[in-house]
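# Commentary on secondary and tertiary structure
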Amino acid sequence: RISDSLQEALNDQVTLEAYSAQMYLMLACWADENQLDGINSFMMKHSYEERVHMAKIIEYIQERGGTVKIEAIPKPGPEPMNIVECFEAVLKQEIENTEAIYRIVNMSFEEKDWATWNFMQWLVTEQREEEKLALSLLDKVKLAGGHQITATGKFEINKLIGNTE
Ligand code: OFO
């Protein structure tokens, strides 16, 4: 059975994944308000992915005989002022999430809970990919003009991000 401390850390991670999902939803709605349909669909997809992460962690806690506690999710924000801030928010969120995941990996290592350690490796890989993606999209936004982006730049970047998985 999972330890109380790992149970608590994994429960916190459930809330953090839910928070990430809300944050992507907030960015998706911001994009929609700003006629950025490609960015909207990218953010909607990622919000869904975070919910999948959340559900997997819930299942894992239950599988190990632990108790899941569904907590309140803090309000995401603030809303970005432009596309650069939008992708800076994504990168920041993913980095924070990675740090939280590493803390659990470390705890499971110290407790020699190899099942949890092994389960967490999937999230480690996932985060590596998500951080890489967030960083490369932020680079592309900057390349397209960053804070000085033109209407054409916005049009192109919106299309490109809309076609990104
Ligand atoms: Fe952004 O990934 Fe969940 O963990």
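Per an unreviewed UniProt entry, the protein goes by Ferritin and derives from Faecalibacter rhinopitheci. Quoted verbatim from the Function (unreviewed entry) field of the UniProt record, the comment on the protein reads "Iron-storage protein." Under the UniProt heading Catalytic activity (unreviewed entry), the note attached to the protein is "4 Fe(2+) + O2 + 6 H2O = 4 iron(III) oxide-hydroxide + 12 H(+)".

## Digging into the overall build of the protein
What the protein contains, in helices and strands, is five helices and zero strands. When the elements of the protein are put in sequence order from the N terminus, they spell out α-α-α-α-α. In terms of its C-alpha atoms, the protein occupies a principal-axis envelope of roughly 55 × 25 × 25 Å. Out of the 165 residues belonging to the protein, those deemed buried represent 32%. Here the contacts in the protein between residues at least 6 apart in sequence split such that 76% fall between residues at least 24 apart.

## So, the UniProt feature "binding site: Fe cation" (unreviewed entry) in the protein
Taking the UniProt record as the reference, the feature "binding site: Fe cation" (unreviewed entry) is found at Glu17, Glu50, His53, Glu94 and Gln127. The annotated residues occupy 111 residues of the chain but converge on a single region, no pair of C-alpha atoms lying more than 12.9 Å apart. Mapped onto the elements of the fold, glutamate 17 is located in helix 1 (residues 4-33). Owing to 25 C-beta atoms within 10 Å, glutamate 17 belongs among the buried residues under this scheme. Not counting the four nearest positions on each side in its chain, glutamate 17 is found in contact with Glu50, His53, Met54 and Ile57. Summarising the element assignment, glutamate 50 is placed in helix 2 (residues 37-63). Look past the residues within four positions of glutamate 50 in its chain and what remains in contact with it is Glu17, Ser20, Ala21 and Tyr24.

## Side note on the nonpolar core
The biggest cluster of nonpolar side chains holds 37 residues, and the ones touching the most others in it are Leu27, Ala31, Met43, Cys86 and Phe87. Elements with a minimum of two residues in this core: helix 1, helix 2, helix 3 (83-110), helix 4 (114-143) and helix 5 (151-162). Counting residues per element, this core draws most heavily on helix 1, at 13 residues.

## Some points on the packing of helix 3 against helix 4
When two helices pack together, their arrangement is given by the angle between the helix axes and by the axis-to-axis distance. Helix 4 packs onto helix 3 with a crossing angle of 160 degrees between their chain directions and a minimal axis gap of 9 Å. Between helix 3 and helix 4, the angle is such that the two are roughly antiparallel. Along this stretch, helix 3 crosses helix 4, giving a crossing that reads as left-handed. A per-class count over the contact of helix 3 with helix 4 returns 19 nonpolar, five polar and five charged.

## Brief notes about helix 1
Taking 1.5 Å of rise per residue, 30 residues should cover 44 Å, and helix 1 covers 44 Å from first to last C-alpha, within 8% of that figure. Once helix 1 ends, the next one or two residues include glutamine 35, with phi positive near 60 degrees.

## Side note on the environment of serine 108
By secondary structure assignment, the location of serine 108 is in helix 3. With 23 C-beta atoms counted inside 10 Å, the residue serine 108 sits in the buried group. Each C-alpha atom of the pair serine 108 and tyrosine 48 lies 27 Å from the other, and the pair is 60 residues apart in sequence. With residues near it in sequence (within four places) discarded, serine 108 still touches Leu6, Asp113, Thr116, Trp117 and Met120.

## Thoughts on unusual backbone geometry
Going from glycine 77 to proline 78, the amide bond is cis rather than trans, its omega being 5 degrees. Relative to the helices and strands, proline 78 resides in the loop between helix 2 and helix 3. Residue glutamine 35 is not a glycine yet carries a positive backbone phi of 60 degrees. Tracing the chain through its elements places glutamine 35 in the loop between helix 1 and helix 2. A tally of 11 C-beta atoms within 10 Å means that glutamine 35 is categorised as exposed. Positive phi values are uncommon outside glycine, yet lysine 112 reaches one of about 55 degrees. Examined against the element boundaries, lysine 112 turns out to sit in the loop between helix 3 and helix 4.

Criteria and thresholds
- Residues numbered from 1 in each chain as written.
- Predicted model: local features only at pLDDT ≥ 70, side-chain atom pairs only at ≥ 80, totals over all residues.
- UniProt positions renumbered as here; feature names shortened; annotations may be inferred.
- Helix = DSSP H or I, 4+ residues; strand = E, 2+ residues; numbered from the N terminus.
- Buried ≥ 20, exposed ≤ 12 C-beta atoms within 10 Å, placed from the backbone.
- Contact = placed C-beta atoms within 7 Å.
- Core = buried A, V, L, I, M, F, W, Y, C linked by C-beta atoms within 7 Å.
- Axes fitted to C-alpha atoms, helices over the stretch in contact; angles between N-to-C directions.
- Parallel < 35°, antiparallel > 145°, perpendicular 65-115°, else oblique.
- Left-handed = near helix turned anticlockwise from the far one by under 90°.
- Nonpolar A, V, L, I, M, F, W, Y, C, P; charged D, E, K, R; others polar.
- Expected span 1.5 Å × (residues − 1).

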